[in-house]
Structure formats: C-alpha cells, structure tokens
Amino acid sequence: AAADGLGSIAIDTTQLNMSVTDPTAWATAMNNLGMVPVGLAGQQLVTDSICVPGFDPSLSMMTGITPINPMIPGMGLVPPPPPTDVPVVKEIIHCKSCTLFPPNPNLPPPSTRERPPGCKTVFVGGLPENATEEIIQEVFEQCGEITAIRKSKKNFCHIRFAEEFMVDKAIYLSGYRMRLGSSTDKKDSGRLHVDFAQARDDFYEWECKQRMLAREERHRRKMEEDRLRPPSPPAIMHYSEHEAALLAEKLKDDSKFSEAITVLLTWIERGEVNRRSANQFYSMVQSANSHVRRLMNEKAAHEQEMEQAKETFKNALTGILTQFEQIVAVFNASTRQKAWDHFSKAQRKNIDIWRKHSEELRNAHSEQLMGIRREEEMEMSDDDSGDNPSKKLRVDDSALAAQAYALKEENDSLRWQLDAYRNEVELLKQEKGQLFRTEESLTKDQQLQFLQQTMQGMQQQLLSIQEELNNKKSELEQAKEEQTHTQAMLKVLQEQLKSAKELAEINGHDESQANEINVLTVALVNQDREKNSEKRSPGLKSEKEALLIGIISTFLHVHPFGANIEYLWSYMQQLDSRISANEIEMLLMRLPHMFKQEFTGVGATLEKRWKFCAFEGIKTI
C-alpha cells in the first residue's frame, strides 16, 4: 500500500539504485553510518508484499528503473493512509550535499506533539553538527516554499513554510538519519526529529484568517436576512393639492383603493386637515365611503359561493350515503339463508367483515349529514330569535307550526321504518318456516327477537310522538284563541278609554278619576283572563319553568309597584340569554293567581305592568 502511494512520484534515472528489500544494502548502509544492523544476515527486513506486490529486485537492473525519491519537487510526499496493520515503508532519499536513510520500519513511528492551530513552523532536531543552513534549506525546500529558517548552535532549527500543508510533508522526514556526503564522522550524521512548533506569527495569521471567515459568515448571514426580510412599505408623500387630486382619483379605482386609503389615513393622522383643505378631505372620505357597498356585495357573493359549496357537498354526501345504503343492502341480502349456504367459510368471514365496515362508514356519513342539517336548523332558529323581543301580545305561530311539521316528518319516517321492520320480520318468518333449523336459524331467531323488541320500542316512540303532536296542536289552537280574545279586549279597552276621556273632559274630572276608570277596566280584563286561564292553564311542564317562576316571583316581590315585561326580560337575559320576552309573558299569563297585570297612565304614558299577587291569590283558591 505504501508503494502504491509512492507510485505517483516522478523518477530520476541519475540517482543510485538501491532496493529496500535487499538485506545486503541495508547492512552496508548501517555500517557506513556506524550502526549495527538490526536484521540478521541473509534475512529480509521487509517482505516483498509490503513493498510493490510481486516486484522483482533484479528487474531494476534490467529495465533501468531507479528507486522512487519522495523528495522530488512538485510531488506529494505524504502517501494515502495505509492500513493500520501494515507498517509504512520509506525509501532512501538522495540530495546533492547529503543522503537521508529511512528508519527501521519495525520500530514505532516517532511521536509528535499536538498540532497548534494554523501551524506553519516545524522544529527540526538531531541535525549533524556540520550541517549548514544551505544544506537544511536544500533538504526541506522540496516540501514547499520556505519563508524563514532560524538555526541554533545546538543542532536544531525552526523552519517556517508558506502554507500549512507543507508542514505535513516535513513531518514525513521525522526519523530519517541524515549523512553529509560520504563521511562517516559523527559530526556529519544525525537522526532527524521533526515536530510541530508553536509560533506567534502562525497563531496571529490563523486568528486573522478566522476573523476574516467570521466576517464573511456575518456578511453572508446579513445578506441572507436582507434577502428574506419583507420589503419596507413605500414612503408616504407629503400633502399638496396636486397629490390630493391624484389620491382622489386613486380612491375611485378599486385596484388602487388599498394603497390610497393608507395615504389618506396617514394625512389625517398627521393633521393635514384644516379649514382650507376640509372640503377636499371630505370628498376623499366620501369616496372611501362609496366602497362600503362594493365590499358588502363582494362579501355577499362570497357567502353565496360558500352556501353553494355547502349545498353541493351536502348533495354529494347524500348520494354517497345512498350508495352506502345500497352496498349494505347487498351485504344483508348475501347473509340471508338462500345465498349464505352457498358461500365457503372464508367467503362468509370476508362478507361479514365487509358488511360491518360498510355499516360503520354508513353510520359515520349519516351522522355527518345529520350534523349539517342540525347546523342549518340552528342557523334558522338563530335567525328567528333575532327578531325584536319587545313586540307585545304576539304568539310565535311560525315556531309552533315548524315544530308540528318536524314532528310530522319524524312520524312519517318512523312509520316507514316500522313498515320496513315488519317486512323483514315477515320474510324472516317465511324463511324460518321453509328451512330446517340450523345454527344459522338460531341466529335468525335472535335477530327476530331483536327486531320485535325494536318494533315495540318504535311503536311506543310513535305513540309518544303522536301524543306530543296533539298537545302541540291544542296549544296552537289555544294560542290563536287567546290572540283573538286579547285583540277584542284591546279594542274594547280602547273604546272605553276614549269614552272615559271624553266624559272626563265634559264633566271636568281630574286625572285621578281617569286612572280609577283605567284600573277598573284592567281589573275586569284580568278577571276575564283569570277565568280563561283557569280553564286552560296546565301544570308546570319542566323544572326550568319552576326555576323561572321562582326568580320572577322574587324579582316582582322586591318591586311592589310592578315592572313591565321589557324590564323583566332584560333582567332574565342576564341569567339565561336564550329566553325570550314572549316566553316570560306566556308563563305569567298561565298563573293568574300569582301574577296580575295592571295599566297605569293615560294616553301616551299608558304602561302595562306585572305585579306579584300570590299572597292575595292563595286566599281565593
């Protein structure tokens, strides 16, 4: 692997040929340096497989191929990282003034210190005593451009390169033994130790580079933020008559209205309106007001589109629900005895699973459709409850009629369901009489019992709904009769008031006598109403009515002079916002022994008040 990494280095045919795998060459080199060879005589220190695979040492003599010199300028000194289990093999390096012998590959690699940030300087120790600065530059300048060499008198120096990657090439020479010329003197040889050195200049340049990268990063982030920042709104021009005329034209244009209305608002907030420009600003405000109708029309159009979309969705959902009903009907028909016996057990299981899944989906879609219809009914009821509650003597005929119509529809649907259940029961009875009782017939009996129980429950529900419908009809008729009676009484009271007023003017009676006449007429009306209410007043229908009666009684008890229906309704609205004035008035009219109605005032000051009279009415019952 090491040979593969060094294979990219150029070849110099003028240098001495010497193979690393030749033990004789190793022994000669070590003897020249005054060292005892590590390996035994005749034994290879490095195997052929570690060097070039299948390389013949005698091939170099025949072909003229010389050993590879990793220090040739322009070539990479550091090979790719070899496998961890194979030691790195280094070659002999020949220079003009010296020769570098590689270390023993079996020895551990030389240790180095932690690399400082931005390191461009190396420490070179173990130099020969006779090594000059020129020889050091000759050896290390092939690693890269050298900017400075600081040599010491104690056989070491510091070399500073131009780039950081050159330091890695210099570290590669650590462990080599350097020999000057062919001398065997100890002063002309030494083992090189190359290590990282910490220099202030390197650290300063590294910090400058990091600050530059940080500035570039901040600039890049700022550019990105500026690119993503929303654009600033356009500047508002100052007011002038010319700009005001242009703005008035923009206010009339629908496409430029939003921009123009912003400018107009800014001008008004700045205080540009004065006596001289008031008419011009008024015309612009008037132009802005003209867009209200357009906006309302747009809103109505969008609401209409929304309603159409809702209707389309409801129709589509109805169609889907119909198809689900048909699919469920197919599954139900498949589970009957005529077809069920012909299916296998696995087919029956699948059909049963499919049927349950389809029924769940059908029920879910049915609930969704019913929810949509309930929302529509609630919207209609909200629209109905939005009417003015201060109208007097008005019975909600439309609400009762709607309830009656809804009950009729529900009654018809229940009747149709009852007929369908009866038909299914008859079919089940016929199938039960024709076929032999099996395990499936037992399940049919259970279904029959369940359907019978369901039919009985439906019949009871139908009877209760019919009874409720009759009660609603009777209440509707009573309300109509009460309305006609009340209108007739009002006409009579109006005639009596007119005649009493004329008599008071003729006879010179004062206002107190007129009030006495009004009180007498009201008492007669109340007596008449009490008689009518005794005939038709039922008991309390719910706990809510009892609560309302208790609250109203307490309220009227602390108002001994009575309170009109609007005042009473406004108080009850704070407790229950869904209650209406008509409901309160109907409840008061149903209990004549607890509440009575009196008229006070004359003419335009005529007022109808309700009073609490339960302490007096309990004596008369």
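Residues numbered from 1 in each chain as written. Predicted model: local features only at pLDDT ≥ 70, side-chain atom pairs only at ≥ 80, totals over all residues. Heavy atoms only, no water.

Bringing the overall build of the chain into the picture now. Scanning the chain for helices and strands turns up 19 helices and 10 strands. Looking at the chain residue by residue over its 621 residues, the buried ones come to 31%. Accessible surface for the chain amounts to roughly 40900 Å². Of this, 55% is attributable to carbon and sulfur atoms. (Helix = DSSP H or I, 4+ residues; strand = E, 2+ residues; numbered from the N terminus. Buried < 20%, exposed > 50% of the residue type's maximum accessible area, 1.4 Å probe, protein only. Areas by Shrake-Rupley, 256 points an atom, 1.4 Å probe, with all protein chains shown as cover.)

This part takes up the layout of surface pockets. Estimates place the volume of the second largest pocket at around 1100 Å³. What lines the second largest pocket is a set of 27 residues, and nearest its centre among them are N332, T335, R355, E424 and Q447. When contributions to the lining of the second largest pocket are tallied by element, the ones reaching two or more residues are helix 10 (291-334), helix 11 (337-340), helix 12 (345-385), helix 13 (397-434) and helix 14 (439-507). Here the element with the most residues in the lining of the second largest pocket is helix 13; it accounts for seven residues. (1 Å grid on protein atoms, 1.4 Å probe; cavity = no way out; pocket = protein on both sides within 12 Å on 5 of 7 lines; lining within 4 Å. Points joined across faces, edges and corners; volume = space filled by probe spheres on them.)

Our focus in this paragraph is the UniProt feature "coiled-coil region" (unreviewed entry) in the chain. Look at the UniProt record and you will see "coiled-coil region" (unreviewed entry) annotated at residues 285-312 and 404-496. The span residues 285-312 is 96% helix and 0% strand, and its two end C-alpha atoms sit 41 Å from each other. (UniProt positions renumbered as here; feature names shortened; annotations may be inferred.)

Moving on, we come to the confidence of the model for the chain. On average, residues of the chain score 77 in pLDDT, and 74% of them reach the 70 mark or higher. Scored below 50 in pLDDT, residues 29-79 shows 90 contacts in the model against residues more than four places distant or in partner chains. For the stretch residues 390-395, pLDDT sits under 50, and the model shows 11 contacts to residues farther than four places along the chain or on other chains. (pLDDT = per-residue confidence, 0-100. Contact = heavy atoms within 4.5 Å.)

Pairing is antiparallel in the open sheet, where four strands are placed in the order 4-5-3-8. Lying at the two open borders of the sheet, with one neighbouring strand each, are strand 4 (146-151) and strand 8 (193-196). Strand-to-strand twist in this sheet, taken as the mean axis angle between neighbours without regard to direction, amounts to 20°. For strand 4 and strand 5 (residues 156-161), the ladder comprises five bridges, and the chain directions are antiparallel. The residue of strand 5 that forms the bridge with I149 is I159. Strands in contact with helix 4 (residues 133-140) are strand 3 (121-125), strand 4, strand 5 and strand 8; relative to strand 4, the strand with the most contacts, it is inclined by about 140°. (Pairing = 2+ DSSP bridges. Axes fitted to C-alpha atoms, helices over the stretch in contact; angles between N-to-C directions.)

Another point: the pairing of strand 9 (residues 595-600). In strand 9, alternate side chains face the same way, and those of F595, Q597 and F599 are buried while those of K596, E598 and T600 on the opposite face are not. The pairing of strand 9 with strand 10 (residues 607-612) spans six bridges and is antiparallel. When the bridges of strand 10 are listed, K596 appears paired with K611.

Below, the discussion takes up the nonpolar core. Core analysis: the largest hydrophobic core is formed by 31 residues, its most contacted members being V124, F140, I159, F161, L173 and M178. Those elements that place two or more of their residues in this core are strand 2 (98-101), strand 3, helix 4, strand 4, strand 5, helix 5 (165-171), strand 6 (177-180) and strand 8. The next biggest cluster of nonpolar side chains, apart from the first, holds 17 residues, and it includes L548, L556, I584 and F595. (Core = buried A, V, L, I, M, F, W, Y, C linked by side-chain atoms within 4.5 Å.)

With that out of the way, let us pick up the sheet that holds strand 1 (residues 93-94). Ordered in space as 1-2-6-7, the four strands form an open sheet in which the pairing is antiparallel. Taken across any chain shown, the strands that pair with only one partner, and hence form the sheet edges, are strand 1 and strand 7 (189-191). Sheet analysis places strand 2 next to strand 6, joined by four bridges and oriented antiparallel. Following the sheet pairing, F101 is matched in strand 6 by R177.

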